[in-house]
Amino acid sequence: MEPILSVKNLMVFFENALALNDFTMETGEGQITGIIGPNSAGKTTLMNTLSGLIIDMRIKERRRGGERITVYGQITYRGEDITEMTPVNRVKRGIVLCRERHPIFPESNVLENLRIAGYLKKRSRIKKIVNQAFDLFPALIHLKNRKAGFLSGGEQQMLAIGMALVAEPRLLLLDEPLLGLSPMMQQLLVEAIKVLISESVLTVMIAEQFARPVLPIINFGYILENGMLALSGTGKELMDNPEVKSAYFGV
Amino acid sequence: MKKRKERIDRGIKVRSEDIFALTSYREMIYLLAPRALPVVGLLLFVPLFSPYWREIFISTAIYALLAISWDVLVSVGLISLGQSFFYGVGSYVAGALNHYWGLPPVLTLPVATIGGAAICTIALLPVLRLRGIYFSMVTLVLPLMILRLVEATRIFGGTEGLTGLSPFPGQLTEMYIANACLLIALFGFRRLLDSDYGLIVRGINDNDRAVMNAGLNIHWYKTQILFLGAAVGCFAGAFGTHHDMFAGMPGFALDYSIMPIAAAIVGGTGTFAGSVLGAFILVPLSEILRALGALRIVFYGLFLVIFVVGIPEGLFHYIRRKYHQFERWVDVE
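Model, not experiment: these values are computed from the prediction. (Residues numbered from 1 in each chain as written. Chains lettered and ligands numbered in written order. Predicted model: local features only at pLDDT ≥ 70, side-chain atom pairs only at ≥ 80, totals over all residues. Heavy atoms only, no water.)

J.: Where do I start with the overall build of chain B in this structure?
T.: Scanning chain B for helices and strands turns up 14 helices and four strands. Over its C-alpha trace chain B gives a radius of gyration of 21 Å, about what one expects of a compact globule, namely 20 Å for 333 residues. Expressed along its principal axes, the backbone C-alpha trace of chain B runs to roughly 75 × 55 × 40 Å. A total of 333 residues make up chain B; the buried ones form 48% of that total. Partitioning the contacts of chain B with sequence separation of at least 6, the portion at a separation of at least 24 is 79%. Surface summary for chain B: the accessible area is close to 16600 Å², and the carbon and sulfur share equals 68%. (Helix = DSSP H or I, 4+ residues; strand = E, 2+ residues; numbered from the N terminus. Rg over C-alpha atoms; globule rule 2.2 N^0.38 Å. Buried < 20%, exposed > 50% of the residue type's maximum accessible area, 1.4 Å probe, protein only. Contact = heavy atoms within 4.5 Å. Areas by Shrake-Rupley, 256 points an atom, 1.4 Å probe, with all protein chains shown as cover.)

J.: Just checking my understanding: could you explain the packing of aromatic side chains for this structure?
T.: Aromatic rings in a pair are described by how distant their centres are and how their planes are angled relative to each other. Residue and element names in this part refer to chain B. On inspection of all chains with the given rule, the structure shows 19 aromatic pairs over all chains. With a centroid separation of 6.0 Å and an interplanar angle of 85°, the aromatic rings of Tyr52 and Trp53 are classed as edge-to-face. Linked through ring pairs, Phe45, Phe49, Tyr52, Trp53, Phe57 and Phe280 together constitute an aromatic cluster. (Phe/Tyr/Trp six-rings, centres within 6.5 Å; stacked < 30°, edge-to-face > 60°.)

J.: Quick question: what am I supposed to make of the interface of chain A and chain B here?
T.: One widely used convention gives an interface's size as the accessible area the parts lose upon coming together. Taken together, the contact between chain A and chain B spans 13 residues of the former and 15 residues of the latter. Buried surface at the junction of chain A and chain B, summed over both partners, amounts to about 1100 Å²; 41% is from carbon and sulfur atoms. The three residues of chain A that bury the most area against chain B are Arg63, Arg68 and Tyr72 of chain A, which together make up 47% of that side's buried surface. Across the chain A-chain B interface, the total number found is two salt bridges. The residue Arg68 of chain A makes a salt bridge to Glu327 of chain B at a minimum N-O spacing of 3.3 Å. For the pair chain A and chain B, the number of links is three residue pairs in polar contact (both at pLDDT 80 or more). Mapped onto the side of chain A that touches chain B, the elements with two or more residues apiece are β1 (3-14), α2 (53-64) and β4 (69-77) of chain A. Of the residues forming the side of chain A that touches chain B, the biggest block, three residues, is contributed by β4 of chain A. (Buried area = accessible area lost by both parts, 1.4 Å probe. Salt bridge = Lys/Arg side-chain N within 4 Å of Asp/Glu carboxyl O. Polar contact = N/O pair within 3.5 Å; in protein donor to acceptor, adjacent residues only side chain to side chain.)

J.: It is not clear to me how the confidence of the model for chain B should be interpreted in this structure. Could you clarify?
T.: Close reading of the predicted structure is inappropriate where its pLDDT is low. Residue and element names in this part refer to chain B. In the predicted model, chain B carries a mean pLDDT of 90, and 99% of its residues have values of at least 70. Taken element by element, chain B is modelled with least confidence in helix α1 (residues 11-18), mean pLDDT 76, and with most confidence in helix α10 (residues 218-244), mean pLDDT 95. In the model output, the complex is listed with pTM 0.85 alongside ipTM 0.73. (pLDDT = per-residue confidence, 0-100.)

J.: What am I meant to see in the pattern of salt bridges here?
T.: It is possible for side chains bearing opposite charge to pair when their charged atoms get close. By the definition in use, this model includes 17 salt bridges over all chains. Connected through salt bridges with shared partners, the residues Arg68 of chain A together with Lys5 and Glu327 of chain B form a single ionic network.

J.: Help me understand the sheet that holds strand β10 (residues 228-234) of chain A, please; the structure alone is not making it clear to me.
T.: To summarise the sheet geometry, strands pair through backbone hydrogen bonds and adopt either a parallel or an antiparallel arrangement. Residues and elements named next belong to chain A. In spatial order, the strands read β6-β7-β8-β3-β9-β10; together these six strands make up an open sheet with mixed pairing. Each of the sheet's edge strands pairs with one partner strand only, and the pair in question is β6 (95-98) and β10. Direction aside, neighbouring strands of the sheet carry axes that sit 15° apart on average. Examined bridge by bridge, strand β9 (residues 220-225) and β10 share six bridges and lie antiparallel to one another. Residue pairing across strands places Tyr222 opposite Ser232, the latter belonging to β10. (Pairing = 2+ DSSP bridges. Axes fitted to C-alpha atoms, helices over the stretch in contact; angles between N-to-C directions.)

J.: What should I look at first to understand the side chain of Thr241 of chain B in this one?
T.: All names here are of chain B. Structurally, the position occupied by Thr241 is in helix α10. Residue classification places Thr241 among the buried positions, given a relative accessible area of 2%. Reaching out from Thr241, the side chain makes a polar contact with the backbone oxygen of Phe246 at a distance of 2.7 Å.

J.: Just to check I follow, could you spell out the packing of helix α4 (residues 110-117) of chain A against helix α6 (residues 153-166) of chain A for this structure?
T.: Each pair of packed helices gets described by two things: the angle between the helix axes and the distance between those axes. All names here are of chain A. Packing of α4 against α6 brings their axes to within 7 Å, and their N-to-C directions diverge by 35°. Considering only the axes of α4 and α6, their crossing is right-handed. Listed contacts from α6 to Val110, Asn113, Leu114 and Ala117 of α4 are Leu159, Gly162, Met163 and Val166. Per-class residue counts for the contact of α4 with α6 are six nonpolar, two polar and no charged. (Left-handed = near helix turned anticlockwise from the far one by under 90°. Nonpolar A, V, L, I, M, F, W, Y, C, P; charged D, E, K, R; others polar.)

J.: When you look at the packing of helix α1 (residues 43-51) of chain A against α2 of chain A in this model, what are you seeing that I'm missing?
T.: Residues and elements named next belong to chain A. Running from N to C, α1 and α2 cross one another at 95°; their axes reach a closest spacing of 5 Å. On the basis of their axis angle, the class for α1 and α2 is roughly perpendicular. For the pair α1 and α2, contact is made by Thr45, Asn48, Thr49 and Ser51 and by Leu53, Ile54 and Met57, respectively. (Parallel < 35°, antiparallel > 145°, perpendicular 65-115°, else oblique.)

J.: Mind showing me how you'd approach the environment of Ile58 of chain B here?
T.: Residues and elements named next belong to chain B. Mapped onto the elements of the fold, Ile58 is located in helix α3 (residues 51-75). Ile58 sits in the buried class, given a relative accessible area of 0%. A sequence separation of 120 residues divides Ile58 from Ala178, and the C-alpha atoms of the two residues are 6.6 Å apart. In this structure Ile58 touches Gln171, Glu174, Met175, Phe239 and His243, once residues within four positions along its chain are discounted.

J.: So what exactly am I meant to see when it comes to α10 of chain B here?
T.: Quick reminder: α-helices carry 3.6 residues per turn. Residues three or four places apart thus point the same way. All names here are of chain B. In this model, α10 (27 residues) spans 39 Å end to end at C-alpha, consistent with the 39 Å of a helix rising 1.5 Å per residue. By the criterion of burial, α10 is predominantly enclosed, with 21 of the 27 residues buried. Capping of α10 at its N-terminal end is provided by Asn217; its side-chain oxygen lies 3.2 Å from the backbone amide nitrogen of His219. Following α10 by one or two positions, Met245 has its phi on the positive side, about 55°. (Expected span 1.5 Å × (residues − 1).)

J.: Even after reading the chapter, I still don't get a nonpolar patch on the surface, so can you show me in this structure?
T.: The grouping of Leu130, Ile133, Tyr134, Met137, Val141 and Met145 of chain B at the surface amounts to a nonpolar patch, some 590 Å² of accessible area in total. By the element assignment, Tyr134 of chain B lies in helix α6 (residues 133-153). (Patch = residues over 30% accessible without salt bridge, like charges linked within 9 Å, V, L, I, M, F, W, Y side chains within 5 Å.)

J.: In this structure, what is going on with the state of the cysteines? I would like to understand it.
T.: Note: disulfide means a covalent bond formed between the sulfur atoms of two cysteine side chains. Applying the stated rule across the entire model yields zero disulfides over all chains. No disulfide involves Cys234 of chain B; its sulfur sits 3.9 Å from the nearest other cysteine sulfur, which is in Cys120 of chain B. (Disulfide = S-S within 2.5 Å.)

J.: Can you walk me through the nonpolar core in this structure?
T.: In globular proteins that are soluble, nonpolar side chains generally tend to be buried together. Ranked by internal contacts, the top residues of the largest apolar core, which has 84 residues, are Ile68, Phe85, Phe86, Leu124, Leu182 and Phe239 of chain B. Within the second largest apolar cluster, 51 residues are counted, among which are Val130, Phe137, Ala167 and Ile217 of chain A. (Core = buried A, V, L, I, M, F, W, Y, C linked by side-chain atoms within 4.5 Å.)

Quick look at the structure:
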């Protein structure tokens, strides 16, 4: 199968610190890929690089005279080299990132948040996809007019994923969607992601440190450690791996 | 094989920061030279100029003091748009003491510095709890308000101001007082912000709630910093008023608010040295550009824009980085 996203020898430097070292991966259409790793493994850097946010960060740091960010390697999306493409153009092509720590617009209400996320879409279309987001997360329906800043962490995370979905992604990047959520809420979100993938043609990449809820649903997983690829394999293979078991399941 | 430009701190810098082990004269000079530069420049080099240029450097020192005062307030997160308030209060306090009671500058300068700072602190105390735009608004409005108050009630000579104040004994003395005070403020505040006290101050700017959580009264610290910043501004005002032999409404003019901010932005905020550097570029530049006549402001503005777009971090930060770091090409394996 032709991979829709392939990353070749990706290296990201923050000044002299190497955040991602020679990382190579690919993912096919309709697959769920997991990027598993502890803190400071480079998961967020990878997500920022794939979504193009790193380009914006690079410009801002340079203007501040701060850390110099350098990106080497190649990212190909549907046969197109997108390594130096701006985030806007990536979103237009369907690569949408849901950043970590559920960033939402705290001063706007839930409905407005979802509508802002649909900025690139037509008005008639927004209404339809917003309703789809509510279908996926029914808990948000009766919170429609609540200010997003007053929602709980789990509700904010649902809203953040909903906002990413309103942008109609073809490749959805989820950065630590389970961070700071209760085990019950984690399960609920994982179920929602499963439903999502079965209902539409969507490719998902999840970066997460909680391997337990994520590994069962992924098709293929990469385990990162200190910016290096430590291990890769299908979800089943990773779950059966003794090292993964001891490190992530405590068995 | 791809190459990457690497930026590395010089060994001397790293050692002098952590363990402070200097092993040669070269290293001592490396650390001493940038600090000696303003001292030698201000005390030995600047007095060599012609009387006309000395005059300009005296007013540069006044603007540099105001820029330091602005930078002090910024270090605790208070963005002031009214340095002219401090300048005006300082100038009126010194002027009134000299005009009505005939006190000599040697007394009016310290009294105006401390007393003026106390007046400014009390006047701004109610808005000290506000952050961001609200503090800026009030500091912007206060000098304009006092200006009209003086005009309407005709206190302190009304629109004519207080004239015939006692001057300094001579231009060189005046220059040395200004430059010495500038150096004291520059090095004093740099030292202060490097101390544990400065740690708290910078902490309040970064995240005031975290500082509150540490059990510190942030409003008390903000008041102290406001007092210190106001003291520097009031000294500049008192000094300027004796320099002009006149205290009046121009002391509250917008120039004294805008110029220090421009100087601090061009030089780079947060280091005080940047503010001084900025003032020593902008004020003489504005004098040189006088030759252009009416186009002066256009070129001046253009220069400012080029600076802010070209080196947004500030000139001093840029120079410091180049001084402490070197770059080399390395292979990316």
